[in-house]
Amino acid sequence: MAEKGVAQVWRRFDSIYNLIGTHCSNCGTYYFPPRLVCPKCRRKGKLEEYKYKGLGKIHTFSIVRQAPENFKRQVPYVVAQVQLDEGPRLTAQIVNIDPEDVKIGMRVRVCFRKITEYGEGGIIVYGYKFEPTMIVTGHE
Amino acid sequence: MVGIIGYGVYIPRYRIKTEEIACVWGEDGEAMAHGLRVFEKSLPGPDEDVVTISTEAARNAVKYAELDPKRIGAVYVGSESHPYAVKPTGTIVSEAIGCSTDMTCADFEFACKAGTAAVQACMGLVSSKMIDVGLAIGADTAQGRPGDALEYSAAAGGVAILIGKENPVATIETTTSFTTDTPDFWRREGEDFPSHGARFTGEPAYFRHVEEGAKALMKKTDTTIDDYDYFVFHQPNGKFPMAMGKTLGVPMEKLEDSLVVKDIGNTYSASAMMGLARILDIADPGSKIFMVSYGSGAGSDAFSIVVEDEIEAHRGEVPTVDDYIKRKTYVNYSIYAKYRRKIKALG
Ligand SMILES: [Zn+2]
């Protein structure tokens, strides 16, 4: 059985798996999701592919307690606006933390998670979410 | 010589205590925990599976090795809980860690030793110069039938090992395997939970294969227990590897550092590899490690490994096994059931 939406999601795999956006070398602005044209420089803009370091902080967030069918198992969960260190803001789920411990300004790093499933027999979509930065033994 | 040029692990944050599971089924939790030597086990979050666990472990391995992922020529993921029945886990992992398209990839299955089988395949490809670097992963989100003995130990975690020749952090001197047709544990297509031969899982299965594997490796390398500093055996629970050590005459102090099972349970395809990773986290250069994995069905893979000076240049970049063990939050049985899809109504 052919499935609706598979091709549309597939085209974005690279960007949502690896947090790949664009950087304009003319004005220095970073974009996520990737853009075809720099809205600041227009025709003077020089856009190149850019892989984000995956570090940032929570700009704002909300706790979801009433969720759509696909997300019921995760309730309550946190959806936040994450400000990446390079500049852009994106919307993502915050995981590996209890919702009541999430704070504005908290440092987060990207992680790889299941985003949604197209039903029990459908494809599984994976991509970025964010989690609090971890303690690493021997790292300053 | 071929060796480990990097490795990385991942253990989900959630834990459930043996006592909590025992309480639901009217068992004596304390006696159960001490009998099995499993005090708590890890479980995946509702948005984690073998693909996400493998990816996190592999990203750690790549960072640890300071490797350009485009140099990876093979990605093999060993697991018994691949999310798709048809569609490889490895292709998703490869793309998520930034591999090139010029590489070979496949999923491996051999119960709990699928990960070490992947290590052996990568060793062959690297030794024969077919590839530059190979990535072998063992990862699982193991499930036990509610109320079954396996429910106390079936856990989640993953280990990724990069195999190559350039500046290894540990050299793999040699490997041997011992394989028979033994129906100790199985799961048929479409079944949610595995079946096992109960008492049959001990003597003719785990103990025979691990012991024969260990003896074969010592014979091949002309070594004895005294030649090794650390021992790692597959850990279906804490009791089995300890009994195996006793049979083989391994002093407890050479075995105990690898016994991560007491804190996280049996991570199946990652189990022996997780024990190895914990040793690689702490061992001094020059240390010799003896590892034997075990997979039901049945077989064992034995490895003789030497830690190199290079290892000191890589530590402190990615979380250690203990960093992940310490990062935890406890859940009760109802949250566990919700996350593990034991409640069918939630889909
Ligand atoms: Zn611009």
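Coordinates for the structure precede this section.
As a starting point, this report considers the structure included with it. (Residues numbered from 1 in each chain as written. Chains lettered and ligands numbered in written order. Predicted model: local features only at pLDDT ≥ 70, side-chain atom pairs only at ≥ 80, totals over all residues. Heavy atoms only, no water.)

As for the overall build of chain A
Put simply, the rule is: Helix and strand assignments come from DSSP, with helices taken as H or I runs of at least 4 residues and strands as E runs of at least 2, each series counted from the N terminus. Each residue gets one of three labels from its accessible area relative to the maximum for its type: buried under 20%, exposed over 50%, partly exposed in between, using a 1.4 Å probe on protein chains only. In what follows, a contact means two residues having at least one pair of non-hydrogen atoms within 4.5 Å. Using a 1.4 Å probe, accessible areas were evaluated by the Shrake-Rupley method; residue-level cover was limited to the displayed protein chains. In this tally, Asp and Glu contribute negative charge and Lys and Arg positive charge; neither His nor the terminal groups of the chain are included. Where a charge sits is defined by one atom per residue type, namely NZ (Lys), CZ (Arg), CG (Asp) or CD (Glu).
For chain A, the helix and strand inventory stands at two helices and eight strands. Counted from the first residue to the last, chain A has its helices and strands arranged as α-α-β-β-β-β-β-β-β-β. Dimensions of chain A, computed from C-alpha atoms along their principal axes, come out at roughly 50 × 50 × 30 Å. Expressed as a percentage of the 140 residues in chain A, the buried residues total 46%. Pairs at least 24 apart in sequence give 47% of the contacts found in chain A among residues at least 6 apart. When the accessible surface of chain A is summed, it comes to about 8,200 Å², and 52% of that surface belongs to carbon and sulfur atoms. Positive and negative charge centroids in chain A, built from 22 and 14 side chains respectively, lie 9 Å apart.

Considerations on the coordination of the zinc ion
All names here are of chain A. The line we're drawing: Coordinating N, O and S atoms are those within 2.8 Å of the metal (3.2 Å for Na, K and Ca), and as water is not part of the atoms, a site may appear to have fewer donors than expected. In short, tetrahedral needs four donors with all angles between 85 and 135 degrees, square planar needs four and octahedral six donors with opposite donors over 155 degrees apart and all other angles between 65 and 115, and whatever is left is irregular.
Donor atoms from the polypeptide that coordinate the zinc ion comprise Cys-24 (SG), Cys-27 (SG), Cys-38 (SG) and Cys-41 (SG), at 2.3 Å from the metal. Around the zinc ion sit four donor atoms, and with donor-metal-donor angles ranging over 101 to 117° the site reads as tetrahedral. Along the chain, the residues donating to the zinc ion are arranged with the sequence spacing C-x2-C-x10-C-x2-C. Both residues of the pair, Cys-38 and Cys-41, count as buried.

Section: the interface of chain B and chain A
Let me state the cut-off plainly: Summed over both partners, the accessible surface that disappears when two parts come together, traced with a 1.4 Å probe, is what is meant by buried area. Between Lys or Arg on one side and Asp or Glu on the other, a salt bridge is scored when a side-chain nitrogen of the former is within 4 Å of a carboxyl oxygen of the latter. Side-chain atoms alone can form a polar contact between residues adjacent in sequence; in general such a contact is a pair of N or O atoms within 3.5 Å, and within protein one must be able to donate a hydrogen while the other accepts it. Under the grouping applied here, Gly and all other residues not named as nonpolar or charged are polar, the nonpolar ones being Ala, Val, Leu, Ile, Met, Phe, Trp, Tyr, Cys and Pro and the charged ones Asp, Glu, Lys and Arg.
Taken residue by residue, the interface counts 34 residues in chain B and 30 residues in chain A. With both chains or domains summed, chain B and chain A bury close to 2,800 Å², and 46% of this area falls on carbon and sulfur atoms. Linking chain B with chain A are five salt bridges. Two residues, Lys-129 of chain A and Asp-47 of chain B, come together in a salt bridge whose shortest N-O distance is 2.7 Å. Here chain B is connected to chain A by 17 residue pairs in polar contact (both at pLDDT 80 or more). Those elements giving two or more residues to the side of chain B that touches chain A turn out to be α3 (50–65), α4 (89–96), α11 (321–326) and α12 (333–339) of chain B. Among the elements that make up the side of chain B that touches chain A, the one with the highest residue count is α3 of chain B (five residues). Of the residues assigned to the side of chain B that touches chain A, the class counts are 15 nonpolar, seven polar and 12 charged.

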